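# Descriptive structure summary
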Amino acid sequence: MADVFECDPAKIQPDSTPDTLEAWDSLRLLDLILAIEQRAHIEISPDRLEEMMSVPAILRVIEESKGS
Amino acid sequence: MGATSHPQLDRLQEVVTALWPDHARFLRNSLAGYGAEDLAAIEDLARRVCALAGEDLDTFVRSYRWLCGEMNKEALHFKRRGEYRLSTFAEANAQVYSNGAFMRRYMEGLLVSQVLWRNHSAAFLYFRQAFLPRLPQPFRYLEIGPGHGLFLSVAAEHPACGLAEAWDVSEESLRQTAAALATVGLHGRVRLELQDIHAPTRPPGPAAAYDGIAICEVLEHLERPREALQSLRRFLAPGGTLFINVPINSPAPDHIYLLRDEAEVREMVTRAGLEVVDLQLAPMTGYSLAEAQRQKATVNCFVLAR
Ligand SMILES: C[S@@+](CC[C@H](N)C(=O)[O-])C[C@H]1O[C@@H](n2cnc3c(N)ncnc32)[C@H](O)[C@@H]1O
């Protein structure tokens, strides 16, 4: 996440959200998704973008996208 | 901002943050750095948008939030594939234009975005501050695809405006523009005509020569935008100015023609036989121009041509 948002990894906390992390906006979230997809060999459905607004939610969507 | 008040802009922001608290930072970014004169113009824009939304502002703001979500899905496709999802008018017509429920929400959301997206508010400012002041007195004005009628109403209300007309290929769009004009008190002051810019039934000539022609967020919906510009050029009066507002790297449900950078816009305009007099770029909210270009984020391109 720190790579995509170009920030200090320590700034990213489990409770980080678009409102607490200056660099987190919708387009950079898309970069994050693409980076995750490549590493985890998954494809996340565009319909799930809306939920991915916190670190736990992102982790949940990744888990649920495995094997789909 | 000092003592100057922006009641309609404040109200719009309050409704948005009440319904969508996570969007607050986006709104702050979107208006950051505007001076007093710009903010006064954006307050005027917000006043028009709130008037068009009327009692239904909450509904319009919900449609705006939904629209932002749809745009994100398109952006994901664009990032993955490097192109827009659709490429023909037939596809856009089948998936978007002929889908009444989708269109209603889409148009409501886009109306709100005119104030809240930096690239949209910048277009309104450029239109008022760079384009209209170039026109002679009195001027004859034509707009293609006026949609919400926000630019059209500003031109028609301008003290130097002698004649205002608008063309659109869609009967439904013209109905919406007519209703919008009536809401802001311009009923009957603007002539609205069903015309396809690719094949206007009006012959060019003194009766159809305009000092100012505006075409805002239309070219990216066309399969052959350069030909549309070539056709329009014939309707410019001697010394007349064409204002083009076209987005670059702007994935959306009904965008079919991808322009990747400023050079492609310049080439399209020049190859249509027009000369670029001015060109400005307005990146989307939250991006500097350099960063938007690097990330292929949306940048609106404003061109004055003759
Ligand atoms: C997205 S709207 C633009 C609304 C507004 N100008 C704005 O800046 O938001 C595009 C409009 O262009 C119209 N349009 C599309 N193709 C056209 C054509 N060939 N001739 C005339 N109008 C056309 C559409 O019907 C629609 O009303």
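Residues numbered from 1 in each chain as written. Chains lettered and ligands numbered in written order. Predicted model: local features only at pLDDT ≥ 70, side-chain atom pairs only at ≥ 80, totals over all residues. Heavy atoms only, no water.

### Focus: the overall build of chain B
Heads up, the condition is: Note on conventions: DSSP H or I runs of at least 4 residues are helices, E runs of at least 2 residues are strands, and numbering of each starts at the N terminus. Radius of gyration: over C-alpha atoms. The globule rule applied is 2.2 Å multiplied by the number of residues raised to the 0.38 power. Burial status follows relative accessibility: with a 1.4 Å probe on protein chains alone, a residue under 20% of its type maximum counts as buried, one over 50% as exposed, and anything between as partly exposed. Contacts are assigned to residue pairs that have any heavy atoms within 4.5 Å of one another. Surface accessibility in these figures is a Shrake-Rupley result with a 1.4 Å probe; residues are shielded only by whichever protein chains are displayed. When charges are counted, Lys and Arg contribute as positive and Asp and Glu as negative, whereas His and the chain ends are disregarded. Where a charge lies is defined by one atom per residue type: Lys uses NZ, Arg uses CZ, Asp uses CG and Glu uses CD.
Along its length, chain B carries 12 helices and 7 strands. A globule of 306 residues ought to have a C-alpha radius of gyration of about 19 Å, and chain B, at 18 Å, matches this closely. A buried classification covers 56% of the 306 residues belonging to chain B. Within chain B, contacts between residues separated by at least 24 positions form 75% of all contacts whose residues are at least 6 apart in sequence. Of the roughly 12,900 Å² of accessible surface on chain B, a fraction of 50% belongs to carbon and sulfur atoms. Within chain B, the 36 negative side-chain charges are centred at a point lying 3 Å from the centre of the 32 positive side-chain charges.

### Structural notes on the interface of chain B and chain A
Here is the rule: Using a 1.4 Å probe, buried area is obtained as the accessible area two parts lose upon being combined, added over both of them. Salt bridges are identified by distance alone: a Lys or Arg side-chain nitrogen within 4 Å of an Asp or Glu carboxyl oxygen. Under this definition, polar contacts are N or O atom pairs within 3.5 Å; protein pairs additionally need one hydrogen-donor-capable and one acceptor-capable atom, and for neighbouring residues in sequence, both atoms have to be side-chain atoms. When residues are sorted by character, Ala, Val, Leu, Ile, Met, Phe, Trp, Tyr, Cys and Pro go into the nonpolar class, Asp, Glu, Lys and Arg into the charged class, and all the rest, Gly among them, into the polar class.
With 17 residues of chain B in contact, the opposing surface of chain A contributes 20 residues. Interface area for chain B against chain A, summed over the two sides, is near 1,800 Å², with a carbon-plus-sulfur share of 47%. Taken together, chain B and chain A are joined by 4 salt bridges. Here E43 of chain A makes a salt bridge to R80 of chain B, at a shortest N to O gap of 3.6 Å. Linking chain B with chain A are 4 residue pairs in polar contact (both at pLDDT 80 or more), by the criterion used here. A per-element tally of the side of chain B that touches chain A places helix α4 (residues 57-81) of chain B first, with 7 residues. Grouping the amino acids of the side of chain B that touches chain A by side-chain chemistry returns 5 nonpolar, 4 polar and 8 charged.

### What to know about the domain arrangement of chain B
Residue and element names in this part refer to chain B. Our working definition: Domain borders in the structure are assigned automatically or taken from a domain database.
Assigned domains of chain B: these are domain 1 (7-116) and domain 2 (118-305). Tallying the contact residues gives 42 residues for domain 1 and 35 residues for domain 2. Summed over both sides, the interface of domain 1 with domain 2 buries roughly 3,300 Å², with 60% coming from carbon and sulfur. Sorting the residues of domain 1 by area buried against domain 2 places R48, Y84 and Q114 first, and these three jointly supply 23% of that buried surface. In this assembly, domain 1 and domain 2 are joined by 2 salt bridges.

### Overview of the sheet that holds strand β3 (residues 191-194) of chain B
Consider a sheet: its strands pair through backbone hydrogen bonds, and that pairing is either parallel or antiparallel. All names here are of chain B. To be explicit about the condition: Only strands joined by at least two bridges in the DSSP assignment are considered to pair. Orientation is described by lines fitted to C-alpha atoms, with helices fitted over the stretch in contact, and by angles between N-to-C directions that extend from 0 to 180 degrees.
If you trace the 7 strands from one edge of the open sheet to the other, you get β3-β2-β1-β4-β5-β7-β6, paired in mixed fashion. Where the open sheet ends on each side, the last strands, each with one partner, are β3 and β6 (276-283). Adjacent strand axes in the sheet meet at a mean angle of 15°, parallel and antiparallel pairs treated alike. Here strand β5 (residues 236-248) runs beside strand β7 (residues 299-305); their pairing, made up of 7 bridges, is antiparallel. What sits directly across from I248, in β7, is V299. Sheet strands touched by helix α10 (residues 225-233): β1 (139-144), β4 (210-216) and β5. Its angle to β5, the strand with the most contacts, is close to 160°.

### Considering the pattern of salt bridges
Residues and elements named next belong to chain B. A complete count under the given rule lists 23 salt bridges over all chains for this structure. Across the salt bridge formed by R128 and D44, the nearest N and O atoms sit 2.8 Å from each other. With R128 in helix α7 (residues 118-131) and D44 in helix α3 (residues 36-53), this pair connects stretches of sequence that are 84 residues apart. Its relative accessible area of 14% is what places D44 among the buried residues. For E267, the salt bridge goes to R271, with nearest N and O atoms at 3.5 Å. Note that E267 and R271 are positioned in helix α11 (residues 262-271) at a spacing of 4 residues, about one turn of the helix. Linked through salt bridges whose partners overlap, the residues forming this network are D44, R47, R48, R128 and E157.

### Quick word on the packing of helix α2 (residues 26-40) of chain A against α4 of chain B
Here is the rule: Roughly parallel covers angles under 35 degrees, roughly antiparallel covers those over 145, roughly perpendicular covers 65 to 115, and oblique covers all other angles. Crossing handedness: left-handed means the near helix sits turned counterclockwise from the far one by under a right angle, and right-handed means the same turn made clockwise.
Between α2 of chain A and α4 of chain B, the shortest axis-to-axis distance is 10 Å and the interhelical angle comes to 50°. Accordingly, the angle class assigned to the pair α2 of chain A and α4 of chain B is oblique. Taken as a pair, α2 of chain A and α4 of chain B cross one another with a handedness that is right-handed. On α4 of chain B, the residues touching S26, L27, L30, D31, I33, L34 and E37 of chain A of α2 of chain A are N72, A75, L76, K79 and R80 of chain B. Of the residues that constitute the contact of α2 of chain A with α4 of chain B, the class distribution is 6 nonpolar, 2 polar and 4 charged.

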